[in-house]
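Chain and residue survey
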Amino acid sequence: MYEGEWTAENPGTYVAEIIAGREQEELGRDLLSFRREDGVAESFHTSQNRELLSKLSDETGGRYYTPDQASKLSGEISYSEAGITTRETRDLWNMPAVFLLALGIRACEWLLRRKWGVV
């Protein structure tokens, strides 16, 4: 295990390439990036607070998903371009407009048959 320390003088994004080797032989290589920020409060404590998020979701009627549950997420979210996120399903025969349309078609058929002398 090797350890090194370096201080970034100016704020910004830095990239470091680490190469491990023995004599002329390269044993491994890795590329990492990091960012130095000065005095920005939102950069502190950036780890996820699962306990807080779970409590918030319970209190607000939401759900907390772990990464292994992410595959269920797309099926449980309802989507509408109008911004409505509630899905309501109704049977067609219980809707008055559909009932009146079906009744109107049957009435037109009956009137046409009567006009043609079939009834």
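Structure's up top.
Quick caveat: nothing in here was measured; it's all calculated off a predicted structure.

Further remarks concern the overall build of the protein. When you go through the protein residue by residue, the secondary structure sums to three helices and two strands. Going from N to C terminus, the protein has its helices and strands arranged as β-β-α-α-α. Residue burial in the protein is summarised as follows: out of 119 residues, 3% are buried. A separation threshold of at least 6 residues defines the contact pool for the protein, and within that pool the share at least 24 residues apart is 12%. For the protein, the accessible surface area stands at approximately 11900 Å², while carbon and sulfur atoms represent 54% of it.

Examined against the element boundaries, Leu-53 turns out to sit in helix H1 (residues 50-60). Among the residues examined, Leu-53 registers a relative accessible area of 34% and is labelled partly exposed. For the pair Leu-53 and Arg-63, spaced ten residues apart in sequence, the C-alpha to C-alpha distance is 9.1 Å. Beyond its immediate chain neighbours, meaning those up to four positions away, Leu-53 contacts Gln-48 and Tyr-64.

Turning to the side chain of Ser-57, a few remarks are in order. In this structure, Ser-57 sits in helix H1. Not counting chain neighbours up to four residues away, the residues in contact with Ser-57 comprise Gly-62, Arg-63 and Tyr-64.

This paragraph deals with the pairing of strand S2 (residues 25-36). As paired elements, strand S1 (residues 12-22) and S2 share eleven bridges and run antiparallel to each other. The partner of Gly-21 across the bridge, within S2, is Glu-26. Two successive antiparallel strands, S1 and S2, enclose a turn made up of two residues, where Glu-23 displays a positive phi of approximately 55°.

With that settled, the discussion passes to the pattern of salt bridges. For the coordinates displayed, the defined rule picks out five salt bridges. Its salt-bridge partner being Glu-26, residue Arg-29 comes within 2.8 Å of it at the nearest N-O pair. With a relative accessible area of 43%, Glu-26 lands in the partly exposed category.

So, about a nonpolar patch on the surface. On the surface, Trp-110, Leu-111, Leu-112, Trp-116, Val-118 and Val-119 cluster together into a nonpolar patch covering about 680 Å² of accessible area. Mapping Leu-112 onto the fold places it in helix H3 (residues 96-116). The exposure class assigned to Leu-112 is partly exposed, which follows from its relative accessible area of 40%.

Procedures and definitions
- Residues numbered from 1 in each chain as written.
- Predicted model: local features only at pLDDT ≥ 70, side-chain atom pairs only at ≥ 80, totals over all residues.
- Heavy atoms only, no water.
- Helix = DSSP H or I, 4+ residues; strand = E, 2+ residues; numbered from the N terminus.
- Buried < 20%, exposed > 50% of the residue type's maximum accessible area, 1.4 Å probe, protein only.
- Contact = heavy atoms within 4.5 Å.
- Areas by Shrake-Rupley, 256 points an atom, 1.4 Å probe, with all protein chains shown as cover.
- Pairing = 2+ DSSP bridges.
- Salt bridge = Lys/Arg side-chain N within 4 Å of Asp/Glu carboxyl O.
- Patch = residues over 30% accessible without salt bridge, like charges linked within 9 Å, V, L, I, M, F, W, Y side chains within 5 Å.

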